[in-house]
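Single-letter residue listing:
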Amino acid sequence: MSVSDKNEIMLSSFGVVAAVQIYTEEGNLKLKIKPQAGQKVHGVAFHFISRKIIVLSYIEKKDYHCLHCYSEAGELEASMFYRKITDCENERFPKITSHPSGPVVIVRGKSITYI
């Protein structure tokens, strides 16, 4: 879960219908962002400086994570490889979070990656 600069609630749902759902303060569904085919949403964060929605996804077939940058309107602007999962790792569900002063971080096991 994350909150935007307009106090909109951003939830990432798992399962068959994996998506990011954005709700207004009143609780109305504003936007739904679906990941690309073959990807599972693992988290969402709002980057307060650039005012972008950052989605962390997992591609099971290739066993790696990606980051996707969306506009506030839900349009995909950029995607990038984050990291491959190695056989010795048991941490397959990293967490992504942000802070109003700007930083977005991915937390996994005993490490933090600043974005």
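A. Layout of the pattern of salt bridges. Within the structure shown, the criterion is met by five salt bridges. Here Glu72 ties to Lys6 by a salt bridge, and the two come within 3.9 Å at their closest N and O atoms. Pair noted here: Glu72 is in the loop between β7 (64-70) and β8 (76-84) and Lys6 is in the loop between β1 (2-3) and β2 (9-13), with a separation of 66 residues, a long-range link. What makes Glu72 partly exposed here is its relative accessible area of 24%. Its relative accessible area of 42% is what places Lys6 among the partly exposed residues. A salt bridge links Arg51 to Glu72; its shortest N-O distance comes to 3.4 Å.

B. Summary view of the packing of aromatic side chains. Taken as a whole and judged by the stated rule, the model has two aromatic pairs. When the ring of Phe46 is compared with that of Phe48, the centres are 5.2 Å apart and the planes differ by 80°; the resulting orientation is edge-to-face.

C. A look at the pairing of strand β11 (residues 111-114). In this structure, strand β10 (residues 104-108) lies alongside β11, joined through four bridges in antiparallel fashion. Considered in β11, the bridge of Val105 is made with Tyr114. Counted between consecutive antiparallel strands, the loop separating β10 from β11 contains two residues, among which Gly109 sits at a positive phi close to 50°.

D. Just the side chain of Gln39, in detail. Structurally, Gln39 is set in strand β5 (residues 39-47). By relative accessible area, which is 11% here, Gln39 ends up buried. When neighbours within four sequence positions are excluded, Gln39 is seen to be in contact with Ser57, Tyr58, Ile59 and His68.

What counts, and at which threshold
- Starting from 1, residues in each chain are numbered consecutively following that chain's sequence as written.
- Side-chain atom pairs in this predicted model are given and counted only at pLDDT of 80 or more, local residue features only at pLDDT of at least 70, and totals for whole chains, interfaces and linings cover all residues.
- To get the side-chain values, all heavy atoms of the structure are used, and hydrogens and water are removed first.
- Counted as salt bridges are all cases of a side-chain nitrogen of Lys or Arg within 4 Å of a carboxyl oxygen of Asp or Glu.
- Put simply, DSSP marks the helices as runs of H or I at least four residues long and the strands as runs of E at least two long, and each gets a number from the N terminus on.
- Only protein chains enter the accessibility calculation, which uses a 1.4 Å probe. A residue is then buried if its area is under 20% of the maximum for its type, exposed if over 50%, and partly exposed in between.
- Between 30 and 60 degrees the pair is tilted, below 30 it is stacked and above 60 it is edge-to-face, where a pair is any two Phe, Tyr or Trp rings, Trp via its six-membered ring, whose centres lie within 6.5 Å.
- By the convention used here, strands pair only if DSSP detects at least 2 bridges between them.
- Throughout, a residue-residue contact means that at least one pair of heavy atoms, one from each residue, lies within 4.5 Å.

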